[in-house]
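In case you want the letters, here they are:
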Amino acid sequence: MKRILLGIGTAAGAFALAACGTSTAAQAPAPAAAAVAPAAGGSGGGVAAASTATPRCTTADLEVLLGKPAEKNDAPGQYDIPLTYRNTTDHTCGLYGVPGVDLVGPDDATFGPVYHLPRVDNGVKYNEVTAGTTASATITVLKPAAGEPTWTPAKLNTIPPGSTSALTAQWPADLPVLRQDAATHPGSYVNGILADPG
């Protein structure tokens, strides 16, 4: 039985950092880009709106931190997880758009070991991240209900927008994900980057 809760069309808000993982660069394949919803412009938080002349942040400029999962109040079984990028350089760079996210785990008999999360382009249009500061996207995942197949990722690979190589974070061991690779409106997806509050 397929369950589809708040699907790709639902925009998720920004989350405060609750780091529970650190990053290491990984040469993972680029996550497959699913259909991207129209941009929902605007700016948020305390990070200045970026100029298009500001160089984009590269994988080498960043570390990734995966925050604590929080169950949605209006959608039991669906969880939001902050995916936070920190600028580890001494310069400002632009970080905006929708990151690629692959969940990597056991080999599923139908879908294989990698779950490419669809992308929802609902973040800020431009965003600057100064040295030492952060910007976040939100991953929304649907947990299996009783009787549904259980698949728990071991790690997450993420490619920052505009980059080609990945950063890696460990996935929470107590958070299985319902595989809906072929669903039109799956309950798991990645949202666009938002400026973190200052």
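In case you missed it, the structure is sitting above this.
Residues numbered from 1 in each chain as written. Predicted model: local features only at pLDDT ≥ 70, side-chain atom pairs only at ≥ 80, totals over all residues. Heavy atoms only, no water.

1. A short note on the overall build of the chain
Next up, step 1: In terms of helices and strands, the chain carries 0 helices and 14 strands.
Next up, step 2: In sequence order, the chain lays out its α and β elements as β-β-β-β-β-β-β-β-β-β-β-β-β-β.
Next up, step 3: In the chain, which comprises 198 residues, the proportion classed as buried is 52%.
Next up, step 4: Counting only contacts in the chain whose residues sit at least 6 apart along the sequence, the fraction spanning at least 24 positions is 81%.
Next up, step 5: Surface exposure of the chain reaches about 8,700 Å², of which carbon and sulfur atoms provide 56%. (Helix = DSSP H or I, 4+ residues; strand = E, 2+ residues; numbered from the N terminus. Buried < 20%, exposed > 50% of the residue type's maximum accessible area, 1.4 Å probe, protein only. Contact = heavy atoms within 4.5 Å. Areas by Shrake-Rupley, 256 points an atom, 1.4 Å probe, with all protein chains shown as cover.)

2. Here's the deal with the state of the cysteines
Next up, step 1: Counting across every chain of the model gives 1 disulfide.
Next up, step 2: In this model Cys57 forms its disulfide with Cys93; the gap between the sulfur atoms is 2.0 Å. Its S-S torsion of approximately 90 degrees makes the covalent link between Cys57 and Cys93 right-handed. Of the two residues, Cys57 sits in the loop between β1 (24–26) and β2 (62–66) while Cys93 sits in strand β5 (residues 93–94), which places them 36 residues apart along the sequence. Here the two residues Cys57 and Cys93 agree in accessibility, since each one is buried. (Disulfide = S-S within 2.5 Å.)

3. Quick word on the pattern of salt bridges
A side chain of one charge can pair with a side chain of the opposite charge when the charged atoms of the two come close.
Next up, step 1: Counted under the stated rule, the structure contains 3 salt bridges.
Next up, step 2: Across the pair Asp80 and Lys72 runs a salt bridge, and its minimum N-O distance is 3.2 Å.
Next up, step 3: According to the relative accessible area criterion, Lys72 is buried, its value standing at 12%.
Next up, step 4: Between Asp181 and Arg179 there is a salt bridge, and its shortest N-O distance comes to 2.9 Å.
Next up, step 5: Assessed through its relative accessible area of 30%, Asp181 is described here as partly exposed.
Next up, step 6: Overall, Arg179 belongs to the buried group, its relative accessible area being 10%. (Salt bridge = Lys/Arg side-chain N within 4 Å of Asp/Glu carboxyl O.)

4. Comments concerning the side chain of Ser188
Next up, step 1: With respect to the element layout, Ser188 can be found in the loop between β12 (166–170) and β13 (189–191).
Next up, step 2: According to the relative accessible area criterion, Ser188 is buried, its value standing at 0%.
Next up, step 3: Looking at Ser188, its side chain comes within polar contact range of the main-chain nitrogen of Leu142, at 2.9 Å.
Next up, step 4: Ser188 has contacts with Tyr115, Leu117, Pro118, Thr140, Val141, Leu142, Val177, Leu178 and Gln180, leaving out every residue within four places of it along the chain. (Polar contact = N/O pair within 3.5 Å; in protein donor to acceptor, adjacent residues only side chain to side chain.)

5. Concerning the environment of Leu103
Next up, step 1: Here Leu103 lies in strand β6 (residues 100–108).
Next up, step 2: The class for Leu103 is buried, based on a relative accessible area of 0%.
Next up, step 3: Taking C-alpha positions, Leu103 is 10.0 Å from Thr168, a pair spaced 65 residues apart along the chain.
Next up, step 4: Ignoring anything within four residues of it in the chain, the contact list for Leu103 reads Pro113, Val114, Tyr115, Leu117, Trp151, Pro153, Lys155, Leu156, Trp171 and Val177.

6. Details of the packing of aromatic side chains
Next up, step 1: Within the structure shown, the criterion is met by 2 aromatic pairs.
Next up, step 2: Here the aromatic rings of Tyr96 and Tyr126 are separated by 5.2 Å at their centres, their planes lie at 75 degrees, and the arrangement is edge-to-face. Separated by 30 residues along the polypeptide, Tyr96 in the loop between β5 and β6 and Tyr126 in the loop between β8 (119–120) and β9 (128–129) bring together distant segments of the chain.
Next up, step 3: By relative accessible area, which is 12% here, Tyr96 ends up buried.
Next up, step 4: Residues Tyr115 and Trp151 carry aromatic rings whose centres are separated by 6.5 Å and whose planes lie at 70 degrees to one another, so their mutual orientation is edge-to-face. Placement of the pair is Tyr115 in strand β7 (residues 112–116) and Trp151 in the loop between β10 (134–142) and β11 (155–159), with a sequence separation of 36 residues. In terms of burial, Tyr115 and Trp151 fall into one category: buried.
Next up, step 5: The ring of Trp151 carries the charged tip of Arg179 above its face, separated from the ring centre by 4.3 Å. (Phe/Tyr/Trp six-rings, centres within 6.5 Å; stacked < 30°, edge-to-face > 60°. Lys NZ or Arg CZ within 6 Å of the ring centre and 35° of its normal.)

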